[in-house]
Amino acid sequence: TGPIEDRMAIRELMDTHAHGVMTRDASLWGTIWADDAVWELPEYPDLGGFHGKDAIVAGWTESMKHYGLDNGTRAMVYFMQPGSIEVDG
């Protein structure tokens, strides 16, 4: 719900995120983050979260070295699908 322009912008960010993961393109993937962003992964509490775009991209780049099938040597597909996008304000 909410303005279609806002919902489309959110969807485009999600698509950029997914494409960056599939292509392991840190520069592209990094474009989705604000300079003062915070990224926390509750399912990995030992990481403690990342603060700031540079730290987020650096952490992601390191993690992507170990991501994918057969130690990252086989192609993968990463897909993002929200349950809903609701914009209020």
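Details of the structure are given in the entry above.
The following paragraphs examine the structure supplied in this document. (Residues numbered from 1 in each chain as written. Predicted model: local features only at pLDDT ≥ 70, side-chain atom pairs only at ≥ 80, totals over all residues. Heavy atoms only, no water.)

Along the protein, the regular secondary structure elements total 3 helices and 2 strands. Beginning at the N terminus, the succession of helices and strands in the protein can be written as α-α-β-β-α. The buried share among the 89 residues of the protein stands at 24%. By sequence separation, contacts in the protein at least 24 residues apart represent 52% of the contacts at least 6 residues apart. For the protein, the exposed area adds up to about 6300 Å²; of that, 55% sits on carbon and sulfur atoms. (Helix = DSSP H or I, 4+ residues; strand = E, 2+ residues; numbered from the N terminus. Buried < 20%, exposed > 50% of the residue type's maximum accessible area, 1.4 Å probe, protein only. Contact = heavy atoms within 4.5 Å. Areas by Shrake-Rupley, 256 points an atom, 1.4 Å probe, with all protein chains shown as cover.)

Taken by themselves, the reported measurements are silent on function.
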